[in-house]
Amino acid sequence: MLVKKTSKNQVTLPKRIVEGLPDTDYFDVSLKGGAVVFSPVKGIGSSRHLATARRKVRKLGLTPKDIENAVRWARMRPSRRT
C-alpha cells in the first residue's frame with residue numbers, strides 16, 4: 001500500500017492495516033534494513049495514568065502555557081537555561 005509523508009512528517013495508516021493492529025495508541029518506531037517498523041507498545045498512555053497526571057497539573061495550578069514554557073526550557077541547551 002502506498003502512503004504519503006506530509007510536510008509535518010506524518011503518515012496516515014490505511015484502514016486495512018489499522019484493523020489488523022492490536023488496540024493501542026503508541027508504537028515503537030525503528031528502521032531495519034531501510035524499512036520503517038512500527039511495533040505496538042502496551043501500557044503507555046492508559047486513561048488512568050493520564051487522569052492522574054491531569055489531576056496533578058490542576059492541583060498545581062499549571063496552565064497550558066506553563067507547560068509549553070517548561071518544555072521549551074527543557075529543550076534548551078544547558079548553558080542557555082536560566
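Owing to the predicted nature of the structure, the values given are computational and were not obtained by experimental measurement.

Visitor: Can you help me understand the overall build of the protein in this one?
Guide: Within the protein, the regular secondary structure consists of 3 helices and 2 strands. By the compact-globule yardstick of 12 Å for 82 residues, the protein is too spread out, its C-alpha radius of gyration being 18 Å. The principal-axis extents of the C-alpha atoms in the protein amount to approximately 45 × 35 × 20 Å. Looking at the protein as a whole, 2% of its 82 residues qualify as buried. Here the contacts in the protein between residues at least 6 apart in sequence split such that 0% fall between residues at least 24 apart. Accessible surface for the protein amounts to roughly 7800 Å². Of this, 56% is attributable to carbon and sulfur atoms. Here the protein contributes 19 positive and 6 negative side-chain charges, whose respective centroids are spaced 7 Å apart.

Visitor: Even after reading the chapter, I still don't get the environment of Lys 56, so can you show me in this structure?
Guide: As for its placement among the helices and strands, Lys 56 is situated in helix 2 (residues 47-60). The class for Lys 56 is exposed, based on a relative accessible area of 54%.

Visitor: What exactly am I supposed to notice about the packing of aromatic side chains here?
Guide: The geometry of an aromatic ring pair is captured by the separation of the ring centres together with the interplanar angle, meaning the angle of the planes. Taken as a whole, this structure holds 1 aromatic pair when the rule is applied. Taken together, a centroid distance of 6.2 Å and an interplanar angle of 80° make the contact between Phe 27 and Phe 38 edge-to-face. Of this pair, Phe 27 sits in strand 1 (residues 26-32) while Phe 38 is found in strand 2 (residues 35-41), placing the two residues 11 residues apart along the sequence.

Visitor: Is there a simple way to explain the pattern of salt bridges in this structure?
Guide: Where charged atoms from two side chains of opposite charge come close, those side chains can pair. Inspection of every chain in the model, using the stated rule, returns 2 salt bridges. Note that Arg 72 and Glu 68 form a salt bridge whose closest N and O atoms lie 3.0 Å from each other. Placement of the pair is Arg 72 and Glu 68 together in helix 3 (residues 64-75), with a separation of 4 residues, close to one helical turn. Salt bridges sharing common partners tie together Lys 65, Glu 68 and Arg 72.

Visitor: Help me out: how do you make sense of the pairing of strand 1 in this one?
Guide: Look at any regular strand and the pattern is simple: side chains alternate between the two faces of the sheet. Taken together, the 7 bridges between strand 1 and strand 2 define a ladder with antiparallel strand orientation. Residue pairing in the sheet places Tyr 26 in a bridge with Val 41 of strand 2. Once strand 1 ends, the chain turns through 2 residues before running back antiparallel as strand 2, passing Gly 33 with a positive phi of about 60°.

Rules used throughout
Residues numbered from 1 in each chain as written. Predicted model: local features only at pLDDT ≥ 70, side-chain atom pairs only at ≥ 80, totals over all residues. Heavy atoms only, no water. Helix = DSSP H or I, 4+ residues; strand = E, 2+ residues; numbered from the N terminus. Rg over C-alpha atoms; globule rule 2.2 N^0.38 Å. Buried < 20%, exposed > 50% of the residue type's maximum accessible area, 1.4 Å probe, protein only. Contact = heavy atoms within 4.5 Å. Areas by Shrake-Rupley, 256 points an atom, 1.4 Å probe, with all protein chains shown as cover. Lys, Arg positive; Asp, Glu negative; His and termini not counted. Charge placed at Lys NZ, Arg CZ, Asp CG, Glu CD. Phe/Tyr/Trp six-rings, centres within 6.5 Å; stacked < 30°, edge-to-face > 60°. Salt bridge = Lys/Arg side-chain N within 4 Å of Asp/Glu carboxyl O. Pairing = 2+ DSSP bridges.

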